[in-house]
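Here is how the chains run, residue by residue.
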Amino acid sequence: MTEANEELRATGIIEEIKRAEIRFVVALPDRTTSHHLLKGLSQDSALRLVKVCKEDEGISICSGIYCCGHRALLLIQYTGLLGKEPGLPPTQSGRYGLRIVEPVLDAMEIEHHMIETPEDTSKIVPAVKRAYDLAMPVVMLIGREPH
Amino acid sequence: MMKRDECLKVFAQHRSDEIVVAVYSAAQEWVHISPNELNYTFTGAMGQGSSHGLGLAFGRPDMRVIILDGDGSLLMNPGSLVTIANAAPRNLIHCVCENGTY
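Here's a quick rundown of the structure. Values in this document were obtained by computation on a predicted structure and should not be read as measured data. (Residues numbered from 1 in each chain as written. Chains lettered and ligands numbered in written order. Predicted model: local features only at pLDDT ≥ 70, side-chain atom pairs only at ≥ 80, totals over all residues.)

Next up on the list: the overall build of chain B. Secondary structure summary: chain B contains 5 helices and 4 strands in total. For chain B, the succession of helices and strands along the chain, N to C, is α-β-α-β-α-β-α-α-β. With respect to the three principal axes, the spread of C-alpha positions in chain B is 30 × 30 × 25 Å. Within chain B, contacts between residues at least 6 apart in sequence are counted, and of these 67% link residues at least 24 apart. (Helix = DSSP H or I, 4+ residues; strand = E, 2+ residues; numbered from the N terminus. Contact = placed C-beta atoms within 7 Å.)

Here's what the structure looks like:
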């Protein structure tokens, strides 16, 4: 069984993103993801990384790519989506912005998954497949900083 | 100042096989002026035309993508100009109508 403190590796996330047949990653750079995950994505020749200035811009770019039959992933921080306190479920956070993330996604009927351990990365491929099968967004909440 | 629909009618005469992204008022006029299955129009996401157009340009590098934007719409998403300039797609043309409101 995986220890709770086992490191989440950016390389593991990137490999699963590619296994999910995603070739475009649209990202709003932030300090949490920049060091390992975003740097790794930018150096991977199998992926086209597009950096944006604002989240809504990224949603729209992904929509255009989707309409052309390709798979795209949007990487954002937002208050909570990548800022969750390690080991603590977002719904138990003392920070309002984190606490409401999952209830808001539930209210919008958007499927979501926590990615906190190396094993959790195995959720990425089926989640992306389901998103495209159903033509619905799926959110993956990266609960700790990948290394 | 040229009226938008007059401008769009001239533009339609020169259209061939481009994907045309039109938003808000321009979309409502464009679908009548140049009905085409390659029209990509919407009215519910003001300011997002430029970003949708960029996504289409990425997804179909073999086709030309033209965005018919409004000045008010563009001001809702000015960062998209930086993103587009950084990506520099050769198949994307961004037209902005200025109606004097802004």
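Having seen the model, we can carry on.
A few words now on the overall build of chain A. Per the secondary structure count, chain A includes 6 helices and 5 strands. Each helix (α) and strand (β) of chain A, taken in turn from the N terminus, gives the series α-β-α-β-α-β-α-α-β-α-β. Scored against the burial criterion, the 147 residues of chain A give a buried share of 35%. Within chain A, residue pairs in contact and separated by at least 24 positions form 66% of the contacts whose partners lie at least 6 positions apart. (Buried ≥ 20, exposed ≤ 12 C-beta atoms within 10 Å, placed from the backbone.)

Residues and elements named next belong to chain A. Spatially, the 3 strands line up as an open sheet ordered β2-β1-β3, and their pairing is parallel. Looking at which strands have only one partner, the edges of the open sheet turn out to be β2 (48-51) and β3 (72-75). Sheet twist, expressed as the mean angle between neighbouring strand axes with direction ignored, is 20°. For strand β1 (residues 24-27) and β2, the ladder comprises 4 bridges, and the chain directions are parallel. Paired with V25 across the two strands is L49, which belongs to β2. Across the sheet, helix α3 (residues 55-67) touches β1, β2 and β3, and the angle it forms with β3 is around 175°. (Pairing = 2+ DSSP bridges. Axes fitted to C-alpha atoms, helices over the stretch in contact; angles between N-to-C directions.)

Opposite the 18 residues of chain A that make contact, chain B presents 18 residues. Of all the secondary-structure elements, those providing two or more residues to the side of chain A that touches chain B are β2 and α3 of chain A. For the side of chain A that touches chain B, the class distribution of residues is 9 nonpolar, 4 polar and 5 charged. (Nonpolar A, V, L, I, M, F, W, Y, C, P; charged D, E, K, R; others polar.)

Looking along a regular strand, one sees side chains alternate from face to face of the sheet. All names here are of chain A. Here strand β5 (residues 138-142) lies mainly inside the structure; 4 of its 5 residues are buried. As paired strands, strand β4 (residues 111-115) and β5 are joined by 5 bridges and run parallel to one another. Paired with I115 across the strands is I142, a residue of β5. In this region the chain leaves β4, passes through helix α6 (residues 124-134) and returns to the parallel neighbour β5; the handedness of that crossover is right-handed. (Right-handed = clockwise from strand over helix to strand, strands pointing away.)

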